[in-house]
Amino acid sequence: MFAQPAAKSKDLRKRLHPRLPKWFRSTYPSFTDAPLRCVPAILAGDSILLTSPTGGGKTLAGCLGVF
C-alpha cells in the first residue's frame, strides 16, 4: 500500500466536469487532502482505499471522481 501524492487544487479543478469547479468554489473554501489525493486516482480508474477523520472529504472525493 502506498500514499498517493496530493494534486494541486488548480490541476484538480481542470480535470473535473466543467460545471463542478464553479459549484465547488461557491460551496467550499478549498479542497481537503482527501480529494486532492484520491480524485486523480479515481479519474485514472485506479482502486483506492481512503481513510480520514469525519469531515475529511471522503464522500466528496468519491463524488467528484464519479461526476
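Nothing here was measured: the structure is a model prediction, and the numbers come from that model. (Residues numbered from 1 in each chain as written. Predicted model: local features only at pLDDT ≥ 70, side-chain atom pairs only at ≥ 80, totals over all residues. Heavy atoms only, no water.)

**Describing the confidence of the model for the protein chain**
Mean pLDDT for the protein chain: 85, with 96% of residues reaching 70 or above. Across the protein chain, element-level confidence peaks in helix α3 (residues 33-43) with a mean pLDDT of 88 and bottoms out in helix α4 (residues 58-66) with 83. (pLDDT = per-residue confidence, 0-100. Helix = DSSP H or I, 4+ residues; strand = E, 2+ residues; numbered from the N terminus.)

**Remarks on the packing of α3 against α4**
α4 packs onto α3 with a crossing angle of 30° between their chain directions and a minimal axis gap of 9 Å. Taken together, the axis directions place α3 and α4 in an arrangement best described as roughly parallel. The hand of the α3/α4 crossing is right-handed. Along its contact with α3, which presents A34, P35, C38, V39, I42 and L43, the element α4 presents K58, L60, A61, G62, L64 and G65. A breakdown of the residues in the contact of α3 with α4 according to their chemical character gives nine nonpolar, two polar and one charged. (Axes fitted to C-alpha atoms, helices over the stretch in contact; angles between N-to-C directions. Parallel < 35°, antiparallel > 145°, perpendicular 65-115°, else oblique. Left-handed = near helix turned anticlockwise from the far one by under 90°. Contact = heavy atoms within 4.5 Å. Nonpolar A, V, L, I, M, F, W, Y, C, P; charged D, E, K, R; others polar.)

**Topic: the pattern of salt bridges**
One pass over the structure, following the stated rule, counts one salt bridge. Of the charged contacts in the structure, one is a salt bridge between D33 and R37, with a shortest N-O distance of 2.8 Å. You can see D33 and its partner R37 sitting in helix α3, four residues apart, about one turn around the helix. (Salt bridge = Lys/Arg side-chain N within 4 Å of Asp/Glu carboxyl O.)

**Regarding the packing of aromatic side chains**
Aromatic rings considered in pairs are described by the distance between their centres and by the relative angle of their planes. Counting across every chain of the model gives four aromatic pairs. With a centroid separation of 4.1 Å and an interplanar angle of 15°, the aromatic rings of F24 and F31 are classed as stacked. Judged by relative accessible area, F31 falls into the buried class, the value being 7%. Ring pairing ties together the aromatic residues W23, F24, Y28 and F31, which thus form one cluster. (Phe/Tyr/Trp six-rings, centres within 6.5 Å; stacked < 30°, edge-to-face > 60°. Buried < 20%, exposed > 50% of the residue type's maximum accessible area, 1.4 Å probe, protein only.)

**Structural notes on α4**
When we look at burial in α4, the residues that qualify are L60, A61, L64 and G65. Angular distribution of buried residues about the axis of α4 spans 130°; they occupy a single face of the element. Projecting away from the buried face of α4 at angles above 90 degrees are the exposed residues T59 and V66. The elements touched by buried residues of α4 are α2 (20-27) and α3. (Arc of directions from axis to C-beta.)

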